[in-house]
Structures are given as structure tokens and as C-alpha cells.
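# Inside the fold
Spelled out, the chains give:
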Amino acid sequence: IGIDELNENYKKELQLRDDTSGAVILEIHGGSPADKAHLKVMDVITHIDGKKINGPKDVIEIVRSSKPGQRLSLQLIREGNKITTTIVPEQSPN
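Residues numbered from 1 in each chain as written. Predicted model: local features only at pLDDT ≥ 70, side-chain atom pairs only at ≥ 80, totals over all residues. Heavy atoms only, no water.

Note that an α-helix has 3.6 residues per turn; residues three or four places apart therefore point the same way. Three or more residues of helix α3 (residues 56–65) are buried, namely P56, V59 and I62. The arc that holds every buried residue of α3, seen down its axis, measures 135 degrees, which confines them to one face. Away from its buried face by more than 90 degrees, α3 exposes K57, R64 and S65. Those residues of α3 that are buried lie in contact with β1 (2–5), β2 (23–27), β3 (44–48) and β4 (51–52). (Buried < 20%, exposed > 50% of the residue type's maximum accessible area, 1.4 Å probe, protein only. Helix = DSSP H or I, 4+ residues; strand = E, 2+ residues; numbered from the N terminus. Arc of directions from axis to C-beta. Contact = heavy atoms within 4.5 Å.)

Attention shifts here to the nonpolar core. By size, the foremost hydrophobic cluster in this structure holds 14 residues, and its most contacted members are L39, I45, I48, I53, V59, L74 and I87. Apart from the residues lying within four places of it in its own chain, the contact partners of V59 are I3, A23, I45, I48 and I53. Judged by nonpolar contacts, the second largest core, of six residues, contains L6, Y10, V24 and V44. (Core = buried A, V, L, I, M, F, W, Y, C linked by side-chain atoms within 4.5 Å.)

Where β1 lies against β2, four bridges are found, and the strand directions are antiparallel. Bridging across to β2, D4 finds its partner in V24. Of the strand pairs in this sheet, β2 and β3 are connected by two bridges, and their pairing is antiparallel. Bridging across to β3, V24 finds its partner in V44. (Pairing = 2+ DSSP bridges.)

This brings us to the environment of G50. By the element assignment, G50 lies in the loop between β3 and β4. Among the residues examined, G50 registers a relative accessible area of 63% and is labelled exposed.

Written out as C-alpha cells, the structure reads:
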């Protein structure tokens, strides 16, 4: 998954409120946990397991600290709508 900081340009493009925080998805690899969870490019991750996401670093830290196979609840903004989904991280290949 490729993610970026939810900056002012993305907020304007996605018509989000100025106080929205999160990480915007820019790339999803086929067959990845993000692909299997039906995440989409330009989804904005706002919370993982109830923890507020302020940027890509938060997403990386939470996913890395989870165990492979552990289900994580994601709150997203997609096309202006708030949605909740589940992702199951896998062990990354070395």
C-alpha cells in the first residue's frame, strides 16, 4: 500500500473539512491485504481500531505492531462517505 499525508491539496480535491486528519491511499498492490479489504485509491484512513490517524506514520506503526492475521478495524472516508471495514495484515516477506 502506498499512502501519503492528508495535506491541504488532498483535502481540497476530496472536498474534506479543514480539520480532517488521516492518511490518503495512493497505491494498492494486487493481492495485498488492502486489496483483499477492498480499499481504494484516494480512500482516507481516519482511524484504525479506534485510534485517530494523523498521518502515514500512525498507519505504519499500528500495522507493524499488529500480529499477522490480527483483524484491524479501519474507518475511512470514501467519496465523502464515512465507512468502516476490516483489514487482516499479513507477514511481510523479507
